[in-house]
Amino acid sequence: MRKVLITGGNKGIGLETAKLFLKSKRFEVFVTGRDFSQFELRDQRLKTIVFDLNQLKKIPQLVKKIGAIDILINNAGIMNALPFDQYPVAKKQKLMNVNLEAPLELIKHFSPAMIKKRKGRIVNVASIAGQIGHPDVWYGISKAALINATKSFAKILGPKGIVSAAVAPGPVKTAMLNTIPLPRRRQIKAQTINNRFASAQEVAQIIYWLGTDLPDYVNGICVDINNGAFMR
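To keep things clear, this report deals only with the structure shown in the data block. Model, not experiment: these values are computed from the prediction.

What counts as what
Residues numbered from 1 in each chain as written. Predicted model: local features only at pLDDT ≥ 70, side-chain atom pairs only at ≥ 80, totals over all residues. Heavy atoms only, no water. Pairing = 2+ DSSP bridges. Helix = DSSP H or I, 4+ residues; strand = E, 2+ residues; numbered from the N terminus. Axes fitted to C-alpha atoms, helices over the stretch in contact; angles between N-to-C directions. Contact = heavy atoms within 4.5 Å. Parallel < 35°, antiparallel > 145°, perpendicular 65-115°, else oblique. Left-handed = near helix turned anticlockwise from the far one by under 90°. Nonpolar A, V, L, I, M, F, W, Y, C, P; charged D, E, K, R; others polar. Phe/Tyr/Trp six-rings, centres within 6.5 Å; stacked < 30°, edge-to-face > 60°. Buried < 20%, exposed > 50% of the residue type's maximum accessible area, 1.4 Å probe, protein only.

1. Focus: the sheet that holds strand S3 (residues 46-50)
(1) Moving on: Here we have seven strands laid out as an open sheet, ordered S3-S2-S1-S4-S5-S6-S7, and parallel in their pairing. Whereas interior strands pair on both sides, the edge strands pair on one side only; in this sheet they are S3 and strand S7 (222-225). Pairs of neighbouring strands in the sheet enclose a mean axial angle of 15°, with direction left out of account.
(2) Moving on: In this sheet, strand S2 (residues 27-33) lies alongside strand S1 (residues 2-7) in parallel orientation, the contact comprising six bridges. Across the sheet, the residue bridging to Ile6 is Val31, located in S2.
(3) Moving on: Each of S1, strand S4 (71-74), strand S5 (120-125) and strand S6 (162-169) is contacted by helix H3 (residues 89-117), which is oriented at about 175° to S4, the strand it contacts most.
(4) Moving on: Contacts from helix H4 (residues 137-157) reach S5, S6 and S7 within the one sheet, and its direction differs from that of S6 by about 160°.

2. So, the packing of H3 against H4
(1) Moving on: In the contact formed by H3 and H4, the axes pass within 9 Å of each other and the chain directions differ by 15°. Relative to H4, the element H3 lies roughly parallel. As for the relative orientation of H3 and H4, their crossing is right-handed in sense. Residues Lys92, Leu95, Met96, Asn99, Leu100, Pro103, Leu104, Ile107, Ser111 and Ile115 of H3 touch H4, and the partners they reach there are Trp138, Tyr139, Ile141, Ser142, Lys143, Ala145, Leu146, Ala149, Phe153 and Leu157.
(2) Moving on: Of the residues assigned to the contact of H3 with H4, the class counts are 15 nonpolar, three polar and two charged.

3. Remarks on the packing of aromatic side chains
(1) Moving on: All told, the structure shown has five aromatic pairs when counted by the stated rule.
(2) Moving on: Centre to centre, the rings of Phe21 and Tyr208 are 4.8 Å apart; their planes meet at 65°, and the pair counts as edge-to-face. With Phe21 in helix H1 (residues 12-24) and Tyr208 in helix H6 (residues 200-212), this residue pair connects regions lying 187 residues apart in the sequence.
(3) Moving on: Judged by centre distance (6.5 Å) and plane angle (25°), the rings of Phe84 and Trp138 are stacked. Remark: Trp138 occurs in helix H4 and Phe84 occurs in the loop between S4 and H3; sequence separation between them is 54 residues.

4. Quick word on the environment of Glu105
(1) Moving on: You can see Glu105 is positioned in helix H3.
(2) Moving on: Residue classification places Glu105 among the partly exposed residues on the basis of a relative accessible area of 21%.
(3) Moving on: A sequence separation of 60 residues divides Glu105 from Arg45, and the C-alpha atoms of the two residues are 25 Å apart.

5. Remarks on the environment of Lys11
(1) Moving on: Mapped onto the fold, Lys11 is located in the loop between S1 and H1.
(2) Moving on: Residue Lys11 is classed as exposed on the basis of its relative accessible area of 52%.
(3) Moving on: Counting along the chain gives 189 residues from Lys11 to Ala200, while the straight-line C-alpha distance between them is 9.5 Å.

6. Section: the packing of H1 against H6
(1) Moving on: Where H1 meets H6, the closest approach of the two axes is 8 Å, and the angle between their N-to-C directions is 55°. In terms of orientation, H1 lies oblique with respect to H6. Between H1 and H6 lies a crossing of right-handed hand. Together, Gly12, Ile13, Glu16, Thr17, Leu20, Phe21 and Ser24 of H1 and Ala200, Gln201, Val203, Ala204, Gln205, Ile207, Tyr208 and Thr212 of H6 make up the contact between the two elements.
(2) Moving on: Each residue belonging to the contact of H1 with H6 can be placed in one class, and the counts come to eight nonpolar, six polar and one charged.

Printed below as a string of structure tokens:
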């Protein structure tokens, strides 16, 4: 049975992704999150781990606890929606730790076992914010860097049998959507082709495909999931 780790899998996109992997019955699923008090998903093949990705120095302990995995889904992320000139240093550092540094650390520590087997999948959850000018400047920077890292690791790890890919969703109907000011939400929604936001399930379906059925030749891609936002 193959093993998959989904960070931030206790809610939203991560939770829906976990459901898909469990539904296939081919995977042992590990899910990390800071709070599982409202988590109701149950399965013998599911293991939940309370972990704060802001604690970068503890990531090696997390990796040791889980062991070798076949698929890494870097889904966890935070957004503050604060003006650039009113951004506390502590919030900026935490955002960069969770959105960028932690995924890189997880890739660093999990990839050696994948290299040994010459097989593995890495899927990074970025954002349309990394492709356009974004009001939360640091959030946009972190996601742009994650897209770039995906392409870089495709070059570094691809020859060793590992496929790296990313998704860049527009706003998704999750709790994070509420951090975006209402006028901004309305503006983005109006620019989509179907005048709606994505569901977490729709994004999860793409993540699952990238982590399982994506052909090995298709390496280093970033799939846009924005329904044409900012294209019209």
